Amino acid sequence: MKKYLPTFITGFAASVLSIVPGIKSFSCCLIVPGAVILALILDQKVNKNSERIQIGKAVMFGFLTGLFATVFITSLDVLITFITKTNDFVEALPQSETLIREFKFGPMAEESLKMMKQMGKEIQRTGLSALYLFILFTSNFITNTIFGIIGGLVGMGLLNKRHTEQ
(Lines give C-alpha, C1' and ligand atoms only; values in the text may rest on other atoms or scores of the structure.)
Protein backbone atom coordinates (compact mmCIF):
# COMPACT_ATOMS: atom_id res chain seq x y z
CA MET A 1 0.00 0.00 0.00
CA LYS A 2 2.90 2.35 0.76
CA LYS A 3 3.78 2.15 -2.91
CA TYR A 4 0.42 3.72 -3.80
CA LEU A 5 0.20 6.22 -0.91
CA PRO A 6 0.51 9.21 -3.29
CA THR A 7 -2.64 8.03 -5.11
CA PHE A 8 -4.51 7.82 -1.80
CA ILE A 9 -3.42 11.30 -0.71
CA THR A 10 -4.11 13.00 -4.04
CA GLY A 11 -7.39 11.08 -4.44
CA PHE A 12 -8.51 12.50 -1.10
CA ALA A 13 -7.38 16.01 -2.08
CA ALA A 14 -9.29 15.72 -5.36
CA SER A 15 -12.41 14.64 -3.48
CA VAL A 16 -12.26 17.62 -1.15
CA LEU A 17 -11.97 19.98 -4.13
CA SER A 18 -14.73 18.07 -5.92
CA ILE A 19 -17.38 18.88 -3.33
CA VAL A 20 -16.75 22.64 -3.44
CA PRO A 21 -19.58 24.34 -5.34
CA GLY A 22 -18.34 25.96 -8.55
CA ILE A 23 -15.19 23.85 -8.66
CA LYS A 24 -17.03 20.51 -8.64
CA SER A 25 -17.94 20.93 -12.33
CA PHE A 26 -14.26 20.45 -13.19
CA SER A 27 -13.83 17.38 -11.00
CA CYS A 28 -13.64 14.66 -13.62
CA CYS A 29 -11.88 16.47 -16.43
CA LEU A 30 -9.34 18.65 -14.56
CA ILE A 31 -9.09 17.88 -10.85
CA VAL A 32 -8.77 14.09 -11.04
CA PRO A 33 -6.22 14.09 -13.91
CA GLY A 34 -4.28 16.83 -12.09
CA ALA A 35 -4.32 14.71 -8.94
CA VAL A 36 -2.85 11.77 -10.85
CA ILE A 37 -0.06 13.93 -12.26
CA LEU A 38 0.65 15.19 -8.74
CA ALA A 39 0.64 11.58 -7.47
CA LEU A 40 3.26 10.63 -10.07
CA ILE A 41 5.40 13.64 -9.11
CA LEU A 42 5.07 12.83 -5.39
CA ASP A 43 5.99 9.21 -6.06
CA GLN A 44 9.17 10.29 -7.86
CA LYS A 45 10.11 12.72 -5.08
CA VAL A 46 9.40 10.32 -2.19
CA ASN A 47 11.31 7.47 -3.83
CA LYS A 48 14.02 9.78 -5.14
CA ASN A 49 13.48 8.16 -8.49
CA SER A 50 13.80 10.06 -11.74
CA GLU A 51 13.54 7.05 -14.06
CA ARG A 52 11.07 7.05 -16.91
CA ILE A 53 7.53 6.18 -15.89
CA GLN A 54 6.25 3.00 -17.50
CA ILE A 55 2.78 2.89 -19.04
CA GLY A 56 1.56 0.25 -16.57
CA LYS A 57 2.49 2.42 -13.61
CA ALA A 58 0.81 5.48 -15.16
CA VAL A 59 -2.40 3.53 -15.80
CA MET A 60 -2.35 1.99 -12.30
CA PHE A 61 -1.79 5.38 -10.64
CA GLY A 62 -4.60 6.85 -12.74
CA PHE A 63 -6.99 4.05 -11.89
CA LEU A 64 -6.20 4.08 -8.16
CA THR A 65 -6.37 7.87 -7.86
CA GLY A 66 -9.73 7.79 -9.64
CA LEU A 67 -10.93 4.96 -7.38
CA PHE A 68 -9.82 6.71 -4.18
CA ALA A 69 -11.36 9.98 -5.38
CA THR A 70 -14.62 8.13 -6.10
CA VAL A 71 -14.73 6.55 -2.64
CA PHE A 72 -14.02 9.85 -0.89
CA ILE A 73 -16.31 11.98 -3.13
CA THR A 74 -19.18 9.53 -2.61
CA SER A 75 -18.53 9.33 1.14
CA LEU A 76 -18.38 13.10 1.57
CA ASP A 77 -21.46 13.64 -0.58
CA VAL A 78 -23.43 11.02 1.37
CA LEU A 79 -22.27 12.46 4.70
CA ILE A 80 -23.27 16.01 3.74
CA THR A 81 -26.58 14.75 2.32
CA PHE A 82 -27.24 12.75 5.49
CA ILE A 83 -26.63 15.81 7.68
CA THR A 84 -28.52 18.36 5.54
CA LYS A 85 -31.17 15.98 4.14
CA THR A 86 -30.82 17.67 0.76
CA ASN A 87 -28.34 17.85 -2.12
CA ASP A 88 -28.01 19.00 -5.73
CA PHE A 89 -30.19 16.11 -6.91
CA VAL A 90 -33.09 17.08 -4.62
CA GLU A 91 -32.71 20.76 -5.54
CA ALA A 92 -32.77 20.02 -9.29
CA LEU A 93 -35.64 17.52 -9.15
CA PRO A 94 -38.46 20.02 -9.90
CA GLN A 95 -36.62 21.34 -12.98
CA SER A 96 -35.88 17.78 -14.10
CA GLU A 97 -39.54 16.87 -13.75
CA THR A 98 -40.59 19.89 -15.83
CA LEU A 99 -38.06 19.06 -18.52
CA ILE A 100 -39.04 15.39 -18.70
CA ARG A 101 -42.74 16.25 -18.94
CA GLU A 102 -42.05 18.89 -21.63
CA PHE A 103 -40.31 16.41 -23.90
CA LYS A 104 -43.05 13.79 -23.47
CA PHE A 105 -40.74 10.78 -23.46
CA GLY A 106 -43.58 8.40 -22.65
CA PRO A 107 -44.24 5.73 -20.02
CA MET A 108 -40.54 4.93 -19.44
CA ALA A 109 -39.91 8.54 -18.52
CA GLU A 110 -42.86 8.50 -16.12
CA GLU A 111 -41.44 5.43 -14.38
CA SER A 112 -38.02 7.09 -14.18
CA LEU A 113 -39.63 10.19 -12.77
CA LYS A 114 -41.41 8.11 -10.09
CA MET A 115 -38.09 6.56 -9.13
CA MET A 116 -36.38 9.97 -9.01
CA LYS A 117 -39.15 11.38 -6.82
CA GLN A 118 -38.88 8.37 -4.52
CA MET A 119 -35.12 8.93 -4.18
CA GLY A 120 -35.74 12.61 -3.43
CA LYS A 121 -38.33 11.76 -0.75
CA GLU A 122 -35.98 9.21 0.87
CA ILE A 123 -33.18 11.76 0.97
CA GLN A 124 -35.42 14.44 2.48
CA ARG A 125 -36.88 12.01 5.02
CA THR A 126 -33.83 9.99 6.12
CA GLY A 127 -30.87 11.70 4.47
CA LEU A 128 -30.01 8.56 2.53
CA SER A 129 -31.18 6.68 -0.53
CA ALA A 130 -29.54 3.37 -1.46
CA LEU A 131 -30.35 3.86 -5.14
CA TYR A 132 -28.91 7.38 -5.10
CA LEU A 133 -25.76 6.06 -3.40
CA PHE A 134 -25.40 3.31 -6.01
CA ILE A 135 -25.91 5.71 -8.95
CA LEU A 136 -23.56 8.31 -7.44
CA PHE A 137 -20.79 5.77 -6.81
CA THR A 138 -21.16 4.12 -10.21
CA SER A 139 -21.13 7.35 -12.21
CA ASN A 140 -18.19 8.74 -10.21
CA PHE A 141 -16.30 5.47 -10.57
CA ILE A 142 -16.69 5.39 -14.33
CA THR A 143 -15.78 9.03 -14.96
CA ASN A 144 -13.04 9.34 -12.34
CA THR A 145 -11.20 6.17 -13.33
CA ILE A 146 -11.38 6.98 -17.05
CA PHE A 147 -10.14 10.53 -16.54
CA GLY A 148 -7.66 9.28 -13.94
CA ILE A 149 -6.12 6.89 -16.48
CA ILE A 150 -6.01 9.69 -19.05
CA GLY A 151 -4.33 11.91 -16.44
CA GLY A 152 -1.83 9.16 -15.69
CA LEU A 153 -0.91 8.85 -19.37
CA VAL A 154 -0.63 12.64 -19.76
CA GLY A 155 1.47 12.81 -16.59
CA MET A 156 3.69 10.00 -17.86
CA GLY A 157 4.23 11.90 -21.10
CA LEU A 158 5.01 15.18 -19.34
CA LEU A 159 7.32 13.68 -16.73
CA ASN A 160 9.10 11.45 -19.22
CA LYS A 161 9.57 14.41 -21.56
CA ARG A 162 11.02 16.42 -18.69
CA HIS A 163 13.32 13.47 -17.89
CA THR A 164 14.71 13.33 -21.45
CA GLU A 165 15.26 17.11 -21.56
CA GLN A 166 17.49 17.02 -18.47
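The rules behind each value
- Residues numbered from 1 in each chain as written.
- Predicted model: local features only at pLDDT ≥ 70, side-chain atom pairs only at ≥ 80, totals over all residues.
- Heavy atoms only, no water.
- Patch = residues over 30% accessible without salt bridge, like charges linked within 9 Å, V, L, I, M, F, W, Y side chains within 5 Å.
- Areas by Shrake-Rupley, 256 points an atom, 1.4 Å probe, with all protein chains shown as cover.
- Salt bridge = Lys/Arg side-chain N within 4 Å of Asp/Glu carboxyl O.
- Helix = DSSP H or I, 4+ residues; strand = E, 2+ residues; numbered from the N terminus.
- Buried < 20%, exposed > 50% of the residue type's maximum accessible area, 1.4 Å probe, protein only.

Draft legend 1. Region of interest: a nonpolar patch on the surface. Judged by side-chain polarity, Leu79, Phe82, Ile83, Leu128 and Leu133 come together as a nonpolar surface patch covering roughly 470 Å² of accessible area. The greatest single-element share of the nonpolar patch, amounting to three residues, is contributed by helix α3 (residues 55–84). On the accessibility criterion, Leu79 (46% relative accessible area) is partly exposed.

Draft legend 2. Broad picture of the pattern of salt bridges. Across all of its chains, the model carries five salt bridges by this definition. With its nearest N and O atoms 3.1 Å apart, the salt bridge here joins Glu97 to Arg101. Remark: Arg101 and Glu97 occur in helix α4 (residues 88–103); sequence separation between them is four residues, near one turn of the helix. When the shortest N-O distance is used, the salt bridge between Glu111 and Lys114 registers 3.3 Å. Of the two residues, Glu111 and Lys114 are both situated in helix α5 (residues 107–126); the distance of three residues between them amounts to about one turn of the helix.

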